[in-house]
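Listed below are the residues making up each chain.
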There are 2 protein chains.
Amino acid sequence: MAKEKKAPRPKAVTPKGFRDYFGQDVTDRAEMLRKIAGVYHAYGFDALESSAVETVEALGKFLPDVDRPNAGVFAWQESEEDGKGDWLALRYDLTAPLARVYAQHRNDLPTPYRRYAMGPVWRNEKPGPGRYRQFYQCDADTVGAASVAADAEICAMLADCLEEVGIARGDYIVRVNNRKVLNGVLEVMGLEQGDQREAVLRTIDKFDKVGEAGVRELLGKGRLDASGAYIDGVGLSEDHVNVVVKFLSARTTALDDIERGVIKANPGFLTLSIFDGSETTDARAVFDRIQELMESETGRWRLANYATFSALGQLIGNSEVGIQGLKELAEMADLLLAQGYGHDRIVIDPSVVRGLGYYTGPVYEAELTFEILDEKGRKRQFGSVAGGGRYDDLVKRFTGQAVPATGVSIGVDRLLAALREKGRIKSREVGPVVVTVMDRDRMADYQAMVGELRRAGIRAEVYLGNPKNFGNQLKYADKRHSPVAVIEGEDEKARGVVQLKDLILGAKIAESATLEEWKERPSQFEVPRADLVAKVREILAGQDAE
Amino acid sequence: MAKEKKAPRPKAVTPKGFRDYFGQDVTDRAEMLRKIAGVYHAYGFDALESSAVETVEALGKFLPDVDRPNAGVFAWQESEEDGKGDWLALRYDLTAPLARVYAQHRNDLPTPYRRYAMGPVWRNEKPGPGRYRQFYQCDADTVGAASVAADAEICAMLADCLEEVGIARGDYIVRVNNRKVLNGVLEVMGLEQGDQREAVLRTIDKFDKVGEAGVRELLGKGRLDASGAYIDGVGLSEDHVNVVVKFLSARTTALDDIERGVIKANPGFLTLSIFDGSETTDARAVFDRIQELMESETGRWRLANYATFSALGQLIGNSEVGIQGLKELAEMADLLLAQGYGHDRIVIDPSVVRGLGYYTGPVYEAELTFEILDEKGRKRQFGSVAGGGRYDDLVKRFTGQAVPATGVSIGVDRLLAALREKGRIKSREVGPVVVTVMDRDRMADYQAMVGELRRAGIRAEVYLGNPKNFGNQLKYADKRHSPVAVIEGEDEKARGVVQLKDLILGAKIAESATLEEWKERPSQFEVPRADLVAKVREILAGQDAE
């Protein structure tokens, strides 16, 4: 007989740059997002789930008249008989769809519109290690509120979110800045919008990595990097370099001054009247006020802000945009302190820049401050897990009217990794209790057991493979990370008992046969059938305690 | 000055056939899915979130060698320099990706592999009313278990899921059948695989709609439908039509027989030995056994199953596949009754067919039995909200080895609609308490109020729009479905009080000015500032009670 010609088998592979998530990775993320959604909701933010697909026109990054838009987004053309269907694409973030939704529904939506969104976004980019083409974002934005109270609210909410998911106070800091202040400084320096200004911004972004000395080199003549390559500098004069470094270190300088008593000794350094509402330049009154502030923690925080603003104030001179930025920053700082968000949670920090063109006012960033070991075993801070700021022109694209907006995006994968790192998420996956099948005809009895266990809140399942080989059943339980296996053969049935195997303890004994303490502890128990649930619960509690 | 030429503004529209979900629609669904995931998890099912994008090859519906696959899925070609990139597509369901994932990871996954998945799927179809191109699915499948214990487990789990989300027992029924039984009947009738058999299957699927008389006409010569159009019949002989109708009504006939005492009086009608394990055909013994069964509810359920199987047994004759199907059905029925899933939750029902080619063994379907009014105001049953069955060839496409699998898909949107219908989900959306801004400079005080409310578990927000026009603030609160507005102006501040407006009651008074009972009840309260949280809580409790 001639062999039938077979169609070639398809390959079972995840497309390049995509990945599948299994078990605990899915449920841990869902649980984390649920907690964050709870905080967002309590703050009055409403959920929005826009369609994953947008017109390329609405996304705004690409023109539909080119043959095939493919840089950055996954796009395709709708089929129409005349071949001129719309170009559609998968969303690449959650902000562009928000702008579209707000423009579309602005008459029905409340203004300001507080909304949160969680879900996958897609990027048509070259995949790399840790760089995927589909990943989660988790955003909260307020559209239509010009007041920086909206920005302050989001910073406070961000701090609450981090604590809610399990990052302890002291393990994170939300840093706040305002792009207008920086623009004011650059204006005073005479740097116009353009290449050089952008180069300065890019360099400032590296402050955390290369430190003051590095930034000085990069702003000036250039610098040899760690690999030995020479990086060209921006070419600023030494005076200009000094201004930028003063800007970046305004907060740390202010803290140092307070620490060293400089401010106390030299009250004229501060013009409290601008920030404190005390409307005085009288040296004695200022001195007294400083004494008073130094007495409480909140007072010292307030003083640190004033000192920072004062330092910044000297750099922005008469720049209108700079003064506006400083006022906004001071207003946010006051609001946050008044709500009890002290410098143990939220600080003003001029070194926060957050990328380039996008933001127009306040910018903010949440950083985890605990240390982890990097791939080379060196200690480093965990780093940024969320960031955002104010942007004003997204809705304008659709309606022609500028609509102020501000929002934050939490890096879902990074925050999840941080929770694992801090032990906030169980690293040991716990599978279900597995009831083995010793007698194929008594499936109903085994099902009754898992029913009892589940009603007691214990995850449980019957082995549903071919029960012939009992070893396979235990191997299966192992692969399932099962904590307990239940065995009821003919003999046990007759005697009204069941055997329970503590698989976690069993694995430990197997791993370290020398540990006598474990060897002496039984890992298998025979209990009356009626005690099944109670004994399983006891074993699970014992495993949890270790 | 010459006008600047502007780029045309993009349209702010959801792409055709897609939609956005707002607020409660998102959170209600998330909450429902969380409850279902809890049940799946308790049964030992593990979460899987595969990538939304698959290779067209893996999805298996389309060939990448045609110019543009566009019927059914959204697909695009990866850009490679030689123009020969892979064709990728959005998944159209959650089962095809499961087959790919299982084939890809089968050495690492446990077998049997119980997994659940929830998420959007995409169909490139003509949109219509209620027909969207992106929608949610929520599936649970067991891969690698040949035993119908796996199917029984999924039916039990489905019943548990419905009760967990809020469908009361009695408001739903899970109906179970086995495709092999039907195949056996058709085999005995001499209908081969092919057009006529498929026509019979399609007709059976209409049984619920057109009833016995309608099915008789459609299987025979044809039928005038409600619109007056003539529908051609399948052309079966009257004898064959009788067989199909007997098959479809096997269960109802059995129930009637029990009701009328036919089975009691005529025990020879049943060959209990096949199903009951009693191995007897002795009329007296059978009669006694029936008497015994009639005494308990479970016994009567058991008897109804036996009577149904007996009726089906007569139709399948010696067909091997039919006998195999009947055995499987009996095994499932026994397992389910043994686990306490009686006919108030799960029944054997030969009229369940579930589509055409896909399923190979057990099929099951959950139906909501309470009545709703259709668009024309007529009463009808709510109908199907979930279904599934056994399919065996999906993994084979990749590996060449047949892997048995069975699974269920819950219709997320329909189930959510049912919960709304039954009042299990609040139809009245409740927004946050809105703290109004009477004095722009006291934003910190207002923020302190929402802070207190949130710490007490009450959703709350400060009005962040321009506060100048107080009427706009109340309009905003209205749009937010806010239950309470908080007002603290200069005067209140001085007196240490706040005003609270009960907005729900206020709206009721406004709506029905004649209702004196409401008119007499105050909808605005002045309370000491210190009592803010307590009084808001009291108002909310009062609103909930109504």
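Scoring rules and cut-offs
- Residues numbered from 1 in each chain as written.
- Chains lettered and ligands numbered in written order.
- Predicted model: local features only at pLDDT ≥ 70, side-chain atom pairs only at ≥ 80, totals over all residues.
- Heavy atoms only, no water.
- Helix = DSSP H or I, 4+ residues; strand = E, 2+ residues; numbered from the N terminus.
- Buried < 20%, exposed > 50% of the residue type's maximum accessible area, 1.4 Å probe, protein only.
- Contact = heavy atoms within 4.5 Å.
- Areas by Shrake-Rupley, 256 points an atom, 1.4 Å probe, with all protein chains shown as cover.
- Pairing = 2+ DSSP bridges.
- Phe/Tyr/Trp six-rings, centres within 6.5 Å; stacked < 30°, edge-to-face > 60°.
- Axes fitted to C-alpha atoms, helices over the stretch in contact; angles between N-to-C directions.
- Parallel < 35°, antiparallel > 145°, perpendicular 65-115°, else oblique.
- Nonpolar A, V, L, I, M, F, W, Y, C, P; charged D, E, K, R; others polar.
- Disulfide = S-S within 2.5 Å.
- Least-squares fit on C-alpha atoms with pLDDT ≥ 70 in both.
- Buried area = accessible area lost by both parts, 1.4 Å probe.
- Salt bridge = Lys/Arg side-chain N within 4 Å of Asp/Glu carboxyl O.
- Polar contact = N/O pair within 3.5 Å; in protein donor to acceptor, adjacent residues only side chain to side chain.
- pLDDT = per-residue confidence, 0-100.
- Arc of directions from axis to C-beta.

Trainee: Can you walk me through the overall build of chain A in this structure?
Mentor: Each helix and strand counted, chain A has 22 helices and 19 strands in total. A burial count over chain A gives 53% of its 546 residues as buried. Counting contacts in chain A only where the partners sit at least 6 residues apart, residues at least 24 apart contribute 66% of the total. Carbon together with sulfur atoms contributes 48% to the accessible area of chain A, which is approximately 25,100 Å² in total.

Trainee: Honestly, the pairing of strand β18 (residues 497-502) of chain B in this entry has me stumped. Any pointers?
Mentor: Consecutive side chains of a regular strand alternate in pointing toward one face of the sheet and then the other. All names here are of chain B. Counting buried positions along β18 yields five of six residues, so the element is predominantly enclosed. Bridge count between strand β17 (residues 484-487) and β18: four bridges; the pairing is antiparallel. Bridge pairing in β18 links Val484 to Asp502. Pairing between β18 and strand β19 (residues 524-528): five bridges, direction antiparallel. From the neighbouring strand, Lys501 faces β19, where its bridge partner is Gln524.

Trainee: Would you explain the packing of aromatic side chains in this entry?
Mentor: Between two aromatic rings, the relevant description is the distance of the centres plus the angle of the planes. Residues and elements named next belong to chain A. One pass over the full model with this rule turns up 16 aromatic pairs over all chains. Centre to centre, the rings of Tyr463 and Tyr476 are 5.1 Å apart; their planes meet at 70°, and the pair counts as edge-to-face. Taken as a pair, Tyr463 in the loop between β16 (460-462) and α18 (470-479) and Tyr476 in helix α18 lie far apart in primary sequence, 13 residues in all. What makes Tyr463 buried here is its relative accessible area of 5%.

Trainee: Quick question: what am I supposed to make of the packing of helix α13 (residues 297-316) of chain A against helix α14 (residues 320-338) of chain A here?
Mentor: Each pair of packed helices can be described by the angle between their axes along with the distance between the axes. Residues and elements named next belong to chain A. Where α13 contacts α14, the axes come no closer than 10 Å and their chain directions differ by 175°. By the angle class used here, α13 and α14 are roughly antiparallel. From α13, Thr298, Trp301, Arg302, Asn305, Phe309, Leu312, Gly313 and Ile316 reach across to α14, where they touch Gly322, Ile323, Leu326, Leu329, Ala330, Ala333, Asp334 and Leu337. Taken together, the residues of the contact of α13 with α14 sort by class into ten nonpolar, four polar and two charged.

Trainee: I keep staring at the state of the cysteines and nothing clicks. Help me out?
Mentor: Joining two cysteines, a disulfide is a covalent bond between their sulfur atoms. All names here are of chain A. Under the definition given, this model contains zero disulfides over all chains. The thiol of Cys161 is unpaired, and the distance to the nearest cysteine sulfur, on Cys138, comes to 7.0 Å. Assessed through its relative accessible area of 1%, Cys161 is described here as buried.

Trainee: Help me understand the relation of the copies chain B and chain A in this model?
Mentor: What connects the two chain copies is a rotation about an axis and a shift along it. Superposition record for chain B on chain A: RMSD 0.1 Å, screw rotation 180°, translation along axis 0.0 Å. Classification of the inter-copy transformation places it as that of a two-fold axis. Of every C-alpha in chain B, the one belonging to Trp76 of chain B sits nearest the axis of rotation, 2.9 Å from it. Of the residues that chain B buries at the interface, 100% are likewise interface residues in chain A, meaning the two copies contact each other through the same surface.

Trainee: Would you mind going over the interface of chain B and chain A with me for this structure?
Mentor: Many structure descriptions define interface size as the accessible area lost when the parts assemble. The interface of chain B with chain A comprises 91 residues on the first partner and 92 residues on the second. Carbon and sulfur atoms make up 54% of the area that chain B and chain A hide from each other, which totals about 7,800 Å². Broken down residue by residue, the surface that chain B buries against chain A is led by Glu49, Arg459 and Leu464 of chain B, which jointly contribute 9%. Here chain B and chain A share twelve salt bridges between them. Linking Asp20 of chain B and Arg100 of chain A is a salt bridge whose minimum nitrogen-to-oxygen distance equals 2.7 Å. On the surface where chain B and chain A come into contact, there are 45 residue pairs in polar contact (both at pLDDT 80 or more). Of all the elements, helix α1 (residues 24-42) of chain B adds the most residues to the side of chain B that touches chain A, at six residues. Its residues assigned to classes, the side of chain B that touches chain A shows 44 nonpolar, 22 polar and 25 charged. With two bridges joining them, strand β1 (residues 21-22) of chain A and strand β2 (residues 46-49) of chain B adopt antiparallel strand pairing.

Trainee: How should the side chain of Thr399 of chain A be read in this particular structure?
Mentor: Note on placement: Thr399 of chain A falls in helix α15 (residues 396-399). Among the polar contacts listed, one links the side chain of Thr399 of chain A to the backbone nitrogen of Gln401 of chain A, at a separation of 3.1 Å. Leaving out residues up to four positions away in the same chain, Thr399 of chain A has contacts with Ala103 and Arg106 of chain A together with Arg9 of chain B.

Trainee: Looking at this model, I keep getting lost on the pairing of strand β12 (residues 362-373) of chain A. Mind explaining?
Mentor: Residues and elements named next belong to chain A. Taking burial as the measure, the twelve residues of β12 include nine buried ones, the bulk of the element. In this sheet, β12 lies alongside strand β8 (residues 172-178) in antiparallel orientation, the contact comprising seven bridges. Within the sheet, the bridge partner assigned to Arg175 lies in β12 and is Glu365. Alignment of β12 against strand β13 (residues 379-391), held across nine bridges, turns out to be antiparallel. Looking at the pairing, Ala366 lines up with Ala386 of β13. Following β12, the chain reverses through five residues before pairing antiparallel with β13; Gly377 in that reversal takes a positive phi of roughly 80°.

Trainee: Just checking my understanding: could you explain the confidence of the model for chain A for this structure?
Mentor: Fine structural detail should not be taken from predicted coordinates in areas where pLDDT scores are low. Residue and element names in this part refer to chain A. Put simply, chain A has an average pLDDT of 87, and 90% of its residues get 70 or more. A low-confidence stretch, residues 62-69 stays under pLDDT 50, and its non-local contacts, those more than four residues away or across chains, total 16 contacts. Two summary scores accompany this predicted model of the complex, namely pTM at 0.91 and ipTM at 0.89.

Trainee: How do you make sense of helix α8 (residues 238-248) of chain B when you look at a structure like this?
Mentor: Because each turn of an α-helix spans 3.6 residues, side chains separated by three or four positions end up pointing in the same direction. Residue and element names in this part refer to chain B. Taken as a whole, α8 has its buried residues at Val241, Val244, Val245, Phe247 and Leu248. Along α8, the residues classed as buried sweep out an arc of 155° about the axis, all on the same side. Along α8, the residues that are exposed and aim more than 90 degrees away from the buried face are Asp239 and Lys246. The elements touched by buried residues of α8 are β8 (172-178), α5 (179-189), α6 (195-204), α7 (207-219), α9 (250-260) and α13 (297-316).

Trainee: Would you mind showing me how to read the environment of Gly317 of chain B here?
Mentor: Residue and element names in this part refer to chain B. Mapped onto the elements of the fold, Gly317 is located in the loop between α13 and α14 (320-338). A sequence separation of 294 residues divides Gly317 from Gly23, and the C-alpha atoms of the two residues are 57 Å apart. Excluding residues that lie within four positions of it along the chain, Gly317 makes contacts with Val188 and Ile323.

Trainee: Sorry if this is basic, but what is going on with the packing of α5 of chain B against α13 of chain B here?
Mentor: Residue and element names in this part refer to chain B. At a minimum axis distance of 8 Å, the contact between α5 and α13 shows a crossing angle of 40°. Judged by residue contacts, Val181, Gly184, Val185 and Val188 of α5 engage Leu312, Leu315 and Ile316 from α13. Here the residues of the contact of α5 with α13 sort into six nonpolar, one polar and no charged.

Trainee: Help me understand helix α6 (residues 195-204) of chain A, please; the structure alone is not making it clear to me.
Mentor: Every buried residue of α6 of chain A is accounted for by Arg197, Ala199, Val200, Leu201, Thr203 and Ile204 of chain A. Here the buried face of α6 of chain A lies against α5 (179-189), α7 (207-219) and α8 (238-248) of chain A.

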